[in-house]
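Architecture and fold: a report
Chain by chain, the residues run as shown.
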Amino acid sequence: MLLAGVIATLALFFVPSGSSGGSAEQVGYSQLKTDIAANQVRSVAIGPDGNISGTLTNGTAFTSSYPPGIADPQFAQLLDTHNVAVTTQPAQSSILATLLNFLPLIVVVGLFLWMGRSARRQMARLGGIGRAKGKVFDTERPATTFADVAGYDGPKQEVTEVVDFLRNPERYRRAGAVGPKGLLMVGPPGTGKTLLARAVAGEAGVPFISVTGSSFVEMFVGVGAARVRDLFADARKRAPSIVFIDEIDAIGHKRGGQLVSNDERDQTLNQMLAEMDGFDPATGVVVIGATNRPEVLDPALLRPGRFDRQVVIPLPTQRERLAILAVHSKGKLLDDDVDLTVVARGTPGFSGADLANLINESAIFAVRRGRDVLDALDFAEARDRILLGHRDSSNALLPEEKHAVAVHESGHALVAALSEHGDPVAKVTILPAGQALGVTEQLPVDERHLYSAGYLHDSLAIRMGGRAAELVVFGAVSTGAADDLAGATALATRMVREFGMSAAVGPVGFGAERPTFLGGEQVTGRTYAEATQRLIDREVTRLLREAEHRAVALLTGHRVALDDLTELLLDRETIDGMDVDMVLDQVTRRQP
Ligand code: ADP
Ligand code: ZN
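For clarity, every value in this text was computed on a predicted model and none was experimentally measured. (Residues numbered from 1 in each chain as written. Chains lettered and ligands numbered in written order. Predicted model: local features only at pLDDT ≥ 70, side-chain atom pairs only at ≥ 80, totals over all residues. Heavy atoms only, no water.)

1. A look at the nonpolar core
Within the largest apolar cluster, 44 residues are counted, with the highest numbers of intra-cluster contacts made by Leu414, Leu460, Leu555 and Val580. Of all the elements in the fold, those that place two or more residues in this core are helix 16 (399–418), strand 14 (425–429), helix 17 (453–474), helix 18 (482–497), helix 19 (530–557), helix 20 (559–572) and helix 21 (577–590). Not counting residues up to four positions away in its chain, the partners in contact with leucine 555 are Gly411, Leu414, Val415, Gly465, Ala468, Ala469, Val472 and Leu562. (Core = buried A, V, L, I, M, F, W, Y, C linked by side-chain atoms within 4.5 Å. Buried < 20%, exposed > 50% of the residue type's maximum accessible area, 1.4 Å probe, protein only. Helix = DSSP H or I, 4+ residues; strand = E, 2+ residues; numbered from the N terminus. Contact = heavy atoms within 4.5 Å.)

2. Comments concerning unusual backbone geometry
Here the bond from alanine 239 into proline 240 is cis, since omega is -5 degrees, no more than 30 degrees from zero. Tracing the backbone through its elements, the reader meets proline 240 in the loop between helix 9 (223–237) and strand 9 (241–246). Look at glutamate 247: it is not a glycine, yet its phi comes out positive at around 50 degrees. With respect to the helices and strands, the residue glutamate 247 is situated in the loop between strand 9 and helix 10 (249–252). Glutamate 247 sits in the partly exposed class, given a relative accessible area of 39%. Located in the positive-phi region is glutamate 573, a residue other than glycine, with phi close to 70 degrees.

3. Some words on the coordination of the zinc ion (ligand 2)
At 2.0 to 2.7 Å from the zinc ion (ligand 2) lie its protein donor atoms, namely His408 (NE2), His412 (NE2), Asp484 (OD) and Asp484 (OD). Read in sequence order, the donor residues for the zinc ion (ligand 2) give the motif H-x3-H-x71-D. One end of the pair, histidine 408, is in helix 16; the other, aspartate 484, is in helix 18, and 76 residues separate them in sequence. For histidine 408, a relative accessible area of 6% puts it in the buried group. (Donors = N, O, S within 2.8 Å, 3.2 Å for Na, K, Ca; no water.)

4. Overview of the site of ligand 1
Among the 16 residues in the neighbourhood of ligand 1, the closest are listed as Gly190, Lys193, Thr194, Leu195 and His328. A distance of 2.9 Å separates a nitrogen atom of ligand 1 from a polar backbone atom of alanine 150. The contact in question runs from an oxygen atom of ligand 1 to an N or O atom on the backbone of alanine 353, over 3.2 Å. Notes on ligand 1: free accessible area 560 Å², of which the protein chains cover 79%. Elements that contribute at least two residues to the shell around ligand 1 include exactly helix 8 (193–204), helix 12 (318–329) and helix 14 (352–368). When the residues that make up the shell around ligand 1 are grouped by side-chain class, the tally is eight nonpolar, six polar and two charged. Formed jointly, the shell around ligand 1 draws a minimum of three residues from each of two domains, domain 2 (135–169 + 179–312) and domain 3 (318–388). (Near = heavy atom within 4 Å. Polar contact = N/O pair within 3.5 Å; in protein donor to acceptor, adjacent residues only side chain to side chain. Areas by Shrake-Rupley, 256 points an atom, 1.4 Å probe, with all protein chains shown as cover. Nonpolar A, V, L, I, M, F, W, Y, C, P; charged D, E, K, R; others polar. Domains from an automatic or database assignment.)

5. Digging into the packing of helix 12 against helix 14
The interhelical angle for the contact between helix 12 and helix 14, taken along N-to-C directions, is 45 degrees, at an axis separation of 9 Å. Regarding the angle of helix 12 to helix 14, the classification is oblique. When you trace helix 12 past helix 14, the crossing you get is right-handed. Contact residues: Arg321, Ile324, Leu325, His328 and Ser329 in helix 12; Gly352, Leu355, Ala356, Leu358 and Ile359 in helix 14. The class makeup of the residues in the contact of helix 12 with helix 14 is six nonpolar, three polar and one charged. (Axes fitted to C-alpha atoms, helices over the stretch in contact; angles between N-to-C directions. Parallel < 35°, antiparallel > 145°, perpendicular 65-115°, else oblique. Left-handed = near helix turned anticlockwise from the far one by under 90°.)

In structure tokens, the structure reads:
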């Protein structure tokens, strides 16, 4: 995100113009930073005069501005680490003109940043002066096997084909079979993606050549591409072999759509695609990429013959956590009062790395207390420390968060189960997945092509179910419902605009809202009057209100079932639709 850095730095040289009209909410600069840190900001547009506008993750527009005369280098970094999309002010007449105006300044700032970076790099690599390209990859022959990876039987099964191919690529060639070329491991950080990739190499007995995606992304155009060439040349020389690219999203980010095209990254990505396409099927090089953000990857990466196999590595279940704890406590002395089953139950949302860390921290606590046997107290202290320690980098849930997520998901599940047209509940879990803290999955009875109004109204209520449950139980809502609201709003908007399901707007269909790009600025084609837009907005709001009322009424009427389901979810973390029905049955039988 160098661009963000440049723009942010650039903006510091100017005094904000202050007023920025419109109905957007005005947010103070320090509040804005707090919001970004709390992942509540989706995008910001920074004007060269220091004014900032953007949207929150809940869709609200806001404006803010830099404090005049204060340089804040943290800001760009904050934007970067919290994945905020950065653009320039869309209201600006021409961003290109603005950039050109400040070109000399950009060059100075860019040079300044670059010098800082290269100085750091040279310190890191002693004697790096004069070398056009450093070797950025490591080669090893891991002794890791599948036995070192606890749990994850599904993913292990899915990668056995790769092991088989690497053991004998010749056999594939003779049979005229095309072996796997690329495999993408998708999952949150610390879930053992690297470990599993290493185990594939260990099981197949081949070299493991690993690199981090971000180490390709350099200031100079062409360096990344040259490094990719080196990497693949090395892999071919050692074939059969595995190339492991961690954080592949750093190179494989969708092309285009950026303000200024990132030539360097595009070239790096193109080089990688060319290398993969150039493999002879019998070469015996398999590229394994790892990412926790598959949605940002360029679709070209996922085409057949490239990363066309995906292995999803979610956070470990309770049983898998027990297995991981067992692996990592091997060779450590545990006191009688330590029950790893209890530890596993108390650590929902912990990744494999968190669990390995938990054991290590427990050992440290034990040492500090002058003992070499780990007891339950050590485990409790280590767990609290991890829970409170790196909240940013961890999926681990605090007990009260866990409760709130259980209430929220129970709400979705119950409204779904109680709705006439709702699809049956397939799975409810309070284990975080991606951005979501918990998930309620419904399984359509059959593949639908047509949706009745009743079905869509029920869908709205089900989406509102999570928030409604928070209202019923806590009397207040949390930020956890932002995605639900966005989804419900999108659906309600289509019902009103496209499906003619609002009596007030009437039987009109305005067609899908199709954004068009004019001169890089997004303009939404709208074919009706301002008054119609207001009516549509009002009708959308009405549909959402009604859906929320219905969800609240359903959950209030089934409060006992809601509480029972929450308890069950807290206890088991993941339940299925039959469990939901069972809870409902039991409650009805108890109090007919
Ligand atoms: P990722 O690549 O997904 O970020 P890593 O493979 O680097 O995660 O995992 C970090 C560490 O966490 C591993 O080295 C290992 O100690 C531990 N770990 C993660 N998953 C497991 C597992 N399933 N079994 C045993 N240890 C695990
Ligand atoms: Zn929800």
